[in-house]
Amino acid sequence: MRRLGGSGWEEFDGHTTGPLHWGGRAHVDEIVFPSKGFSGLTLRLYEPETGEWTLNWSDSRTGRLDPPVRGRWAEDGTGEFHGEDIYAGKDVRVRFRWSGITARTARWEQAFAPDGGEWVTNWVMDFSRA
């Protein structure tokens, strides 16, 4: 993870668990970052009327549900999701990307676009099954 305006990346371990619900149209996961002292929850919901998913994040530091990002999975298995949020008191556009999804791996990336500017990737997670 790296903060906007920061220099360099911070690496740390985490582990996640989460079941599917509603025949795969809903998913709740918990991710725990032991060395950071916090956990997060993601609620993913499929909306049949739009064909889109919403991804809703909360973490144990705030106890608040962040504004959702919304998007779709492409036929190649990648997913891109966009939304609006506030970071350090300023409005930012948010993008989540999922890629490299196999039975054993996945990659998630978060990027912010402050002040309507260019995307800045600030958090990458590489997942692998044990």
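## Looking at the confidence of the model for the protein
Where the model shows low pLDDT, its predicted coordinates should not be examined in detail.
Right, on to step 1. In the predicted model, the protein carries a mean pLDDT of 90, and the fraction of residues at 70 or more is 95%.
Right, on to step 2. Confidence, expressed as mean pLDDT per element, reaches its minimum in the protein at strand β1 (residues 15-17) with 91 and its maximum at strand β6 (residues 69-73) with 97.

## Some points on the packing of aromatic side chains
Right, on to step 1. The final tally for this structure, using the stated rule, is 10 aromatic pairs.
Right, on to step 2. Ring centres of Tyr87 and Phe112 lie 5.3 Å apart, and the angle between their planes is 50°; this geometry places the pair in the tilted category. In this pair, Tyr87 sits in strand β7 (residues 79-87) while Phe112 sits in strand β9 (residues 105-114), placing the two residues 25 residues apart along the sequence.
Right, on to step 3. Since its relative accessible area comes to 23%, Tyr87 is described here as partly exposed.
Right, on to step 4. Centroid distance Trp98 to Phe127: 5.5 Å. Interplanar angle 25°. Geometry classified as stacked. Here Phe127 lies in strand β10 (residues 120-128) and Trp98 lies in strand β8 (residues 90-99), a separation of 29 residues in the sequence.
Right, on to step 5. You can call Phe127 partly exposed: its relative accessible area is 22%.
Right, on to step 6. Through successive ring pairs, a cluster of aromatic residues spans Phe12, Phe33, Phe38, Trp57, Phe96, Trp108 and Trp123.
Right, on to step 7. Note that Lys36 overlies the ring of Phe12, its terminal NZ or CZ placed 5.4 Å from the centroid.
Right, on to step 8. Across from the ring centre of Phe38, 3.6 Å away, lies the NZ or CZ of Arg61, which sits over that ring.

Quick notes on the rules
- Residues numbered from 1 in each chain as written.
- Predicted model: local features only at pLDDT ≥ 70, side-chain atom pairs only at ≥ 80, totals over all residues.
- Heavy atoms only, no water.
- pLDDT = per-residue confidence, 0-100.
- Helix = DSSP H or I, 4+ residues; strand = E, 2+ residues; numbered from the N terminus.
- Phe/Tyr/Trp six-rings, centres within 6.5 Å; stacked < 30°, edge-to-face > 60°.
- Buried < 20%, exposed > 50% of the residue type's maximum accessible area, 1.4 Å probe, protein only.
- Lys NZ or Arg CZ within 6 Å of the ring centre and 35° of its normal.

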